[in-house]
Amino acid sequence: MKKLTPMRAIRAKCRECCCNQMSEIRGCPITDCALYPYRMGHRPGTLKEDPEDGLEAAENAVD
């Protein structure tokens, strides 16, 4: 049995809600659902760092 991670639990809930119809999960109209931002494996709030910005910020901190 696979370990139930938070992302797998979210996916299972979405599948249950949409009767296992993947197209329904992709086009889910229930935007006020607490799990809506996490559909399809997304993690909102995760920032993608630009390596150049990180370097510039580090250089400015030293000055």
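Residues numbered from 1 in each chain as written. Predicted model: local features only at pLDDT ≥ 70, side-chain atom pairs only at ≥ 80, totals over all residues. Heavy atoms only, no water.

Observations concerning the overall build of the protein
Line of reasoning, step 1. When helices and strands are counted, the protein shows three helices and zero strands.
Line of reasoning, step 2. Along the protein, helices and strands appear, N-terminal first, in the series α-α-α.
Line of reasoning, step 3. Each of the 63 residues in the protein was classed as buried or not, and the buried ones make up 10%.
Line of reasoning, step 4. Total accessible area on the protein is roughly 5700 Å²; 55% of this is exposed by carbon and sulfur atoms. (Helix = DSSP H or I, 4+ residues; strand = E, 2+ residues; numbered from the N terminus. Buried < 20%, exposed > 50% of the residue type's maximum accessible area, 1.4 Å probe, protein only. Areas by Shrake-Rupley, 256 points an atom, 1.4 Å probe, with all protein chains shown as cover.)

Considering the confidence of the model for the protein
Line of reasoning, step 1. Across the protein, pLDDT averages 76, with 70% of residues at or above 70.
Line of reasoning, step 2. No element of the protein has a lower mean pLDDT than helix α3 (residues 51–62), which averages 48, and none a higher one than helix α1 (residues 6–17), which averages 90.
Line of reasoning, step 3. pLDDT under 50 marks residues 55–63. Its contacts with residues more than four places away, or in other chains, come to zero contacts. (pLDDT = per-residue confidence, 0-100. Contact = heavy atoms within 4.5 Å.)

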